[in-house]
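What follows is the residue order along each chain.
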Amino acid sequence: MATEKIIMAGFGGQGVMSMGQLLTYSGMIEDKQVSWLPSYGPEMRGGTANCSVIVSDNLIGSPIITEDATAIIVMNLPSLLKFEKNLRAGGKALINSSLIEKKADRDDVEAYYIPANEIANEIGNARVANMVMLGAYLELTKIVSVDAVVEAFKKVYGATKEHLIPLNKEALERGAAVVRG
């Protein structure tokens, strides 16, 4: 692995920041260099929330991702419209097709349409849609292991939430299965 630069975005409350934290902690667990740059502000009240995550085997010079993202994970239409331009040619656009009917405008990127909300509802908890998307991303990139994400889950959420690990592992696996074909 060289360097993965990911922009994750969606409405406040869709778990975008949590998804970024989990990926960042997972990278730390696997002794990689990491950066997590959240965007806070009015997003927390239902606007578009986003974070930039970099996971690398090499030192990271800057946490800023401009037009060189290797992937975007977008949970809603405003996020797709805002961040598709930040994806480098050949990058991966992971699009939550449950909430976004529009297809990617660019033909120089790999677009994946994941019905994250439908899958989360099938599993029994709408709040794991972010983990479905993360599972798809992990399957495509193998940037960190699912085991590292589970360990990171324990660190981010603590012992009181460990009972949610099986649900979240299932969400990761279901997301992976969508892009595995």
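Residues numbered from 1 in each chain as written. Predicted model: local features only at pLDDT ≥ 70, side-chain atom pairs only at ≥ 80, totals over all residues. Heavy atoms only, no water.

As annotated in an unreviewed UniProt entry, the protein carries the name 2-oxoglutarate ferredoxin oxidoreductase, gamma subunit and is attributed to Natronincola peptidivorans.

Caption draft 1: View of the environment of T24. Assignment of secondary structure puts T24 in helix α1 (residues 16-29). A C-alpha to C-alpha distance of 6.4 Å links T24 and W36, two positions 12 residues apart in sequence. In contact with T24, other than residues within four places in its own chain, are V34, S35, W36 and V53. (Helix = DSSP H or I, 4+ residues; strand = E, 2+ residues; numbered from the N terminus. Contact = heavy atoms within 4.5 Å.)

Caption draft 2: Structural context of the nonpolar core. Residues I6, M8, L23, I114, L134, Y137 and L138 are the most contacted members of the largest nonpolar core, which totals 41 residues. Looking at this core, the element that brings in the most residues is helix α4 (residues 129-141), giving eight residues. Sequence-distant contacts of L134, defined by excluding residues within four places in its chain, comprise M19, L22, V149 and L172. If you look at the next biggest cluster of nonpolar residues, it comprises 15 residues, including A9, I54, I65 and A93. (Core = buried A, V, L, I, M, F, W, Y, C linked by side-chain atoms within 4.5 Å. Buried < 20%, exposed > 50% of the residue type's maximum accessible area, 1.4 Å probe, protein only.)

Caption draft 3: The side chain of N76, seen in detail. Looking at the element boundaries, N76 is found in the loop between β4 (69-74) and α2 (77-83). On the accessibility criterion, N76 (1% relative accessible area) is buried. At a separation of 2.4 Å, a polar atom in the side chain of N76 contacts the side chain of S79. Here N76 is in contact with A9, G10, F11, Q14 and I100, once residues within four sequence places are set aside. (Polar contact = N/O pair within 3.5 Å; in protein donor to acceptor, adjacent residues only side chain to side chain.)

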